[in-house]
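# Coordinate analysis (summary)
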Amino acid sequence: MALFVNQLTHIDVSLWCPQRGLVGCSWQVDALLEGALGEDGMLFDFGEVKPWIKRTLDGGLDHTLLIPTQAPGITVTECDEGLCIRTTTPYPMEVRGPAEAFSLLAWESVTLEQVAKYLSHALTEQRPANVDRVTLTLSDEAISGAAYGYSHGLKRHLGNCQRIAHGHRSRLAIWQSGERQSGLETHWANWLDNRYLLEQADIEHQDDEFLTCRYQAAQGAFSIRLPINRCAALPGPTTVENIAIWLARSIAHDSGQATRVQAFEGINKGAFAEAAP
Ligand SMILES: Nc1nc2c(c(=O)[nH]1)N=C([C@H](O)[C@H](O)COP(=O)(O)OP(=O)(O)OP(=O)(O)O)CN2
């Protein structure tokens, strides 16, 4: 007997890729539970399946930076903040923060399939009565138009969004004179893709090549150092509202036309903003 719950929740993470560097991801989660029926005629009450799996993901890998510790050039050490992760290829990066902000995976690279297997195993290990096996399937949102990944942290957020390197993969829609602007959407999505978005006020040090961003949040002290050309600094916190405002203003300024932007934070949520040149 098998029970399924499709689109149960989403996972928003950043991962370190030895080819692409810091990559922002949003994954849809589908769940399959195999087991035996109870006397109530249920394998496991739908009302309990969702909170159980969501609670396990939210308290674990969601909103962390996934580090394949066997990838070339990765070192992980303890530091005052908790853990210090250093990378070398494709570019040098150093991230520091409390240990719970990172998922250390003894792999050479992070793939959707491996993460799904890892989470399925963890859930199966703590399965409830009647359930023999839990299998999660992770997938990227199918996006036919422009999309980009990004990483950021919100130091004022009381939940796990305060972690300095978690990410999202997001659609982007731009209108001028009431018409969708697919050329602008592609241009800006390509420019933004897998950048680190930060608040200007958090820049502690900057030279010609590298930028260091540091802040204190409720979970602890965080810092990140990476190449300037992989970053974009916003005047305020990198909420999706501010990303939409910043994009609308930048595009209106560059093009000389009134602009409306729909920015997403991962899957199915985001903000609209409008700006005049
Ligand atoms: N109004 C806003 N609220 C929040 C923003 C934001 O930009 N504007 N941002 C965040 C975080 O960055 C966070 O990454 C969003 O996390 P998410 O897991 O998507 O949020 P939820 O916990 O509400 O969603 P679930 O998918 O149900 O876990 C937070 N809030």
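As recorded in an unreviewed UniProt entry, the chain goes by the name 6-carboxy-5,6,7,8-tetrahydropterin synthase, listed as coming from Halomonas colorata. Check the Pathway (unreviewed entry) section of the UniProt entry for the chain; it says "Purine metabolism; 7-cyano-7-deazaguanine biosynthesis."

### Digging into the nonpolar core
Grouped together as the largest cluster of nonpolar side chains are 33 residues, with contacts concentrated most on Trp 27, Leu 33 and Ile 53. Broken down by secondary-structure element, the contributors of at least two residues to this core are β1 (2-17), β2 (21-35), α1 (46-58), α2 (112-125) and β8 (131-140). The dominant element in this core, judged by the number of residues it contributes, is β1, at 7 residues. In contact with Trp 27, other than residues within four places in its own chain, are Thr 9, His 10, Ile 11, Val 13, Leu 15, Leu 66, Leu 112, Val 115, Leu 138, Ser 139, Asp 140 and Ile 267.

### Focus: the pattern of salt bridges
One pass over the full model with this rule turns up 12 salt bridges. The closest approach of N and O atoms between Arg 133 and Glu 34, which form a salt bridge, is 3.2 Å. Separated by 99 residues along the polypeptide, Arg 133 in strand β8 and Glu 34 in strand β2 bring together distant segments of the chain. For Arg 133, a relative accessible area of 45% corresponds to the partly exposed category. Residue classification places Glu 34 among the partly exposed residues on the basis of a relative accessible area of 24%. A salt bridge links Arg 156 to Glu 199, with the nearest nitrogen and oxygen atoms 3.0 Å apart. Of this pair, Arg 156 sits in the loop between β9 (147-152) and β10 (166-176) while Glu 199 sits in strand β12 (residues 195-199), placing them 43 residues apart in sequence. With a relative accessible area of 52%, Arg 156 lands in the exposed category. The exposure class of Glu 199 is buried, given its relative accessible area of 9%. Linked by salt bridges that have partners in common, Glu 81, Arg 86, Glu 94, Arg 96, Glu 204 and Arg 214 make up one network.

### A short note on the sheet that holds strand β13 (residues 203-206)
A sheet is described by the order of its strands in space; here 6 strands give the open sequence β4-β5-β6-β15-β14-β13, paired in antiparallel fashion. The open sheet terminates on both sides in strands that have one partner only, identified here as β4 (75-79) and β13. Strand-to-strand twist of the sheet, defined as the mean angle between neighbouring strand axes without regard to direction, takes the value 15°.

### Some words on a negative patch on the surface
There is a patch of like negative charges on the surface, built from Glu 39, Asp 40, Asp 45 and Glu 48. Along the chain, the position of Asp 40 falls in the loop between β2 and α1. Look at Asp 40 and you get exposed, because its relative accessible area is 55%.

### What to know about the sheet that holds strand β7 (residues 102-105)
Strand order in the open sheet formed by 5 strands is β7-β3-β1-β2-β8, with mixed pairing between adjacent strands. The open sheet is flanked by β7 and β8, the only strands paired with a single partner. Direction aside, the axes of adjacent strands within the sheet are offset by 35° on average. Direction of pairing for β1 relative to strand β3 (residues 65-68): parallel, over a ladder of 2 bridges.

### Some remarks on empty space enclosed by the protein
Sizing a probe to match a water molecule and rolling it over the atoms shows the empty space that remains. The full count for this structure, using the stated rule, is 1 cavity of 30 Å³ or more. Put simply, the largest cavity is a space of about 70 Å³. Every residue lining the largest cavity is counted, 13 residues in all, and those nearest its centre are Gly 153, Glu 199, Asp 202, Tyr 215 and Thr 238. Secondary structure elements with two or more residues in the lining of the largest cavity: β12 and β14 (210-217). Per-element tally for the lining of the largest cavity: the top contributor is β12, with 4 residues. Tallied by class, the residues present in the lining of the largest cavity amount to 7 nonpolar, 2 polar and 4 charged.

Reading guide: rules and limits
Residues numbered from 1 in each chain as written. Predicted model: local features only at pLDDT ≥ 70, side-chain atom pairs only at ≥ 80, totals over all residues. Heavy atoms only, no water. UniProt positions renumbered as here; feature names shortened; annotations may be inferred. Core = buried A, V, L, I, M, F, W, Y, C linked by side-chain atoms within 4.5 Å. Buried < 20%, exposed > 50% of the residue type's maximum accessible area, 1.4 Å probe, protein only. Helix = DSSP H or I, 4+ residues; strand = E, 2+ residues; numbered from the N terminus. Contact = heavy atoms within 4.5 Å. Salt bridge = Lys/Arg side-chain N within 4 Å of Asp/Glu carboxyl O. Pairing = 2+ DSSP bridges. Axes fitted to C-alpha atoms, helices over the stretch in contact; angles between N-to-C directions. Patch = residues over 30% accessible without salt bridge, like charges linked within 9 Å, V, L, I, M, F, W, Y side chains within 5 Å. Areas by Shrake-Rupley, 256 points an atom, 1.4 Å probe, with all protein chains shown as cover. Lys, Arg positive; Asp, Glu negative; His and termini not counted. Charge placed at Lys NZ, Arg CZ, Asp CG, Glu CD. 1 Å grid on protein atoms, 1.4 Å probe; cavity = no way out; pocket = protein on both sides within 12 Å on 5 of 7 lines; lining within 4 Å. Points joined across faces, edges and corners; volume = space filled by probe spheres on them. Nonpolar A, V, L, I, M, F, W, Y, C, P; charged D, E, K, R; others polar.

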